[in-house]
2 protein chains.
Amino acid sequence: MRKCYGGIDLGGTFIKAGLLSRDGRRIARSKISTEVDSGVAAVEANLLKAGRRLCDLAARRKLKLAGIGIGSPGTVKYPEGIITGSSPNIPGWVGSNMRNLFSGFPIPVSGDNDANCMGLAESMFGAGKGTKSGFYLTIGTGIGGALVVNGSLVRGASFAAGEYGHTIFKYGGIKYKTGQRGPLEAYVAAPALIKQTKEAVRKAKKSILTGNLNSLTPEDIFEAFTSGDRAAVESVSRNAEMIGVAIGSIVNLLNPEVVVIGGGMSKGGAKYIELIRKAAKSFAFDSATSILKIKVARFGNDAGWIGAACLNILKDGD
Amino acid sequence: MRKCYGGIDLGGTFIKAGLLSRDGRRIARSKISTEVDSGVAAVEANLLKAGRRLCDLAARRKLKLAGIGIGSPGTVKYPEGIITGSSPNIPGWVGSNMRNLFSGFPIPVSGDNDANCMGLAESMFGAGKGTKSGFYLTIGTGIGGALVVNGSLVRGASFAAGEYGHTIFKYGGIKYKTGQRGPLEAYVAAPALIKQTKEAVRKAKKSILTGNLNSLTPEDIFEAFTSGDRAAVESVSRNAEMIGVAIGSIVNLLNPEVVVIGGGMSKGGAKYIELIRKAAKSFAFDSATSILKIKVARFGNDAGWIGAACLNILKDGD
């Protein structure tokens, strides 16, 4: 019986899950609501439901489900999957224990942080495939990061590594919701891009974005950027320059083979990514960029569950 | 015959060398001038002289010299010790090859970056002893960094990792000699502290430092800080706050067990270090600081050669 590996990605809105072959092929997918508003018990029930679906999906395909991995927001103790630190999108989630929750499943169960899972997916089968060191940056509403060294995730001494959005970017700068002053996330994540674009549009004499300033999305902004709208070009170029400097900094510090950009903001298009690349290579030292590649993530919204499935592929010897 | 391990630390002014026991005891030391002004051939001749001295020192003690390690500034390809990237303090140094240079020595020879050696010394036998993950920060005229994960140095894909002084600290800030705008080094290294203190002294009505503004050293400044001089308290407190934010950022990103501060600026005294600790813990997330220790380096000026000696201890099985 051929093996497959189940992955579950717990998000604030949806629980995405799927089956992965040992060589990284997506075999099946499933998606249900997280129902955060119904409380922790409902979230746990839905996670179990997603797990049972994976069992069914495997059985129907006559595959042996060799393990289930779960990616969760917050600080997550690996491999047990114990949520030890803050997870603002799922109130009350701290203290949950994935291995205990799934104790009725007669297969190996592992839990890890969701950004780590995304990084692992891209590292093993995505944009970082074939490399041994990489930095995986997810830029959307917030910023997530995962670091791979010698082919292994760097989880940190208390499983809290990867918070690149909360490193200093502008000392003495914007006071952020975390209480920090000037962290990267406050300058380059989607809400910052939207704010900066609104300011640029208001200053500009005309802009195709003037009409929908109240419902502006990164997609609108990138579309206007691509079409050459001056206000959008200004704000998106500045955003790319800032992300480039942040990536150049990581490159000077960690000198990875690859930096992979994922999340909603990675869909800004080739011209946007090229501006990021240029700024990163300009800020970083030549000695650290000689073999560097800066790439866009491959798996998009599937990265979370794929990486969660990878947790058991890594542990499964045969 | 008992074994010992030789280490050589190539600096812009002195070549420091010494013998280390397998368990990290300093057995002997030696120090000669680098003679950078006499050119690369003179530097190489002096390195060899330092190497021969180590052989003599070991022979006199009836010890078997089991290897020599060399720490060099610049980007250094490990283990060969090939200088592949910039080393501003030793003009013409790029291209040198430590293993070739020492090919007449019938023992293993390895070369690595000097900041990596300092980190390794502190990690194996110094302030980071007993930990498996640490960030080693050297703050003096410049800033050096070394990262240990799972007990091993992270050297980077092209041996350029660790340049924390050249990561972004204040976006859009000071234009630095590297061409970068706003890198950490421009704000917190010794020359920046001296500049900021001069400004504070000039603004202050009186200061014990007023008389020697033209020859101000970090030692003078820390002494004035300890004695409560208002201008020094202002500039040193601000420096500690900035270093703390930079350390807090590293902690959010890498979540190490220990951060070790070395270099001239680490001698600022207990009060100064406590201010750094406070600022770092305030900036970083609780999940990343729960088991964190921030310590002062143990080996001071010996760290370079000790770490270079460690390179061969790590490779020597028996």
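(A) Spotlight on the packing of aromatic side chains. Applying the stated criterion across every chain, the model contains ten aromatic pairs over all chains. For the ring pair Phe 102 of chain B and Phe 105 of chain B, a centre distance of 4.9 Å and an interplane angle of 50° mean the geometry is tilted. The class for Phe 105 of chain B is buried, based on a relative accessible area of 13%. Both rings, one in Phe 135 of chain B and one in Tyr 164 of chain B, keep their centres 5.5 Å apart while their planes meet at 85°; by these two values the pair is edge-to-face. Residue Phe 135 of chain B is found in strand S8 (residues 134-139), and its partner Tyr 164 of chain B is found in the loop between strand S10 (152-153) and helix H4 (185-188); the two are separated by 29 residues along the sequence. Across this residue pair, the class does not change: Phe 135 of chain B and Tyr 164 of chain B are buried. The rings of Phe 169 and Tyr 187 of chain A together with Tyr 171 of chain B are connected pair by pair, giving a single aromatic cluster. The lysine or arginine in question, Lys 271 of chain B, covers the ring of Phe 225 of chain B, its NZ or CZ lying 4.9 Å from the ring centre.

(B) Fine view of the relation of the copies chain B and chain A. In screw terms, the move from chain B to chain A is a rotation of 180° and a rise of 0.0 Å along the axis, fitting with an RMSD of 0.1 Å. Both copies are brought into coincidence by an operation consistent with a two-fold rotation axis. For chain B, the residue whose C-alpha comes nearest the rotation axis is Lys 170 of chain B, separated from it by 2.0 Å. Comparing interface residues between copies, 100% of those in chain B also lie at the interface in chain A; the contact surface is shared.

(C) Representation of the packing of helix H5 (residues 190-203) of chain B against helix H6 (residues 218-226) of chain B. Residues and elements named next belong to chain B. Put simply, H5 and H6 touch, their axes get as near as 10 Å, and they point 55° apart. Relative to H6, the element H5 lies oblique. The two elements H5 and H6 cross, and the hand of that crossing is left-handed. Contacts from Ala 190, Leu 193, Ile 194 and Thr 197 in H5 reach Pro 218, Ile 221 and Phe 222 in H6. For the contact of H5 with H6, a count of residues per class yields six nonpolar, one polar and no charged.

(D) Representation of the interface of chain B and chain A in the model. Counting from both sides, the interface comprises 42 residues of chain B and, opposite them, 42 residues of chain A. For the pairing of chain B and chain A, the buried interface totals around 3,500 Å² over both sides, and the portion due to carbon and sulfur atoms is 66%. At the junction of chain B with chain A, the criterion picks out zero salt bridges. Our enumeration of links across chain B and chain A arrives at 24 residue pairs in polar contact (both at pLDDT 80 or more). Contributing elements (two or more residues each) for the side of chain B that touches chain A: strand S9 (143-149), helix H7 (230-254) and helix H9 (286-289) of chain B. Among the elements that make up the side of chain B that touches chain A, the one with the highest residue count is H7 of chain B (eight residues).

How each quantity is defined
Residues numbered from 1 in each chain as written. Chains lettered and ligands numbered in written order. Predicted model: local features only at pLDDT ≥ 70, side-chain atom pairs only at ≥ 80, totals over all residues. Heavy atoms only, no water. Phe/Tyr/Trp six-rings, centres within 6.5 Å; stacked < 30°, edge-to-face > 60°. Buried < 20%, exposed > 50% of the residue type's maximum accessible area, 1.4 Å probe, protein only. Helix = DSSP H or I, 4+ residues; strand = E, 2+ residues; numbered from the N terminus. Lys NZ or Arg CZ within 6 Å of the ring centre and 35° of its normal. Least-squares fit on C-alpha atoms with pLDDT ≥ 70 in both. Contact = heavy atoms within 4.5 Å. Axes fitted to C-alpha atoms, helices over the stretch in contact; angles between N-to-C directions. Parallel < 35°, antiparallel > 145°, perpendicular 65-115°, else oblique. Left-handed = near helix turned anticlockwise from the far one by under 90°. Nonpolar A, V, L, I, M, F, W, Y, C, P; charged D, E, K, R; others polar. Buried area = accessible area lost by both parts, 1.4 Å probe. Salt bridge = Lys/Arg side-chain N within 4 Å of Asp/Glu carboxyl O. Polar contact = N/O pair within 3.5 Å; in protein donor to acceptor, adjacent residues only side chain to side chain.

Purely geometric numbers; function is a separate question.
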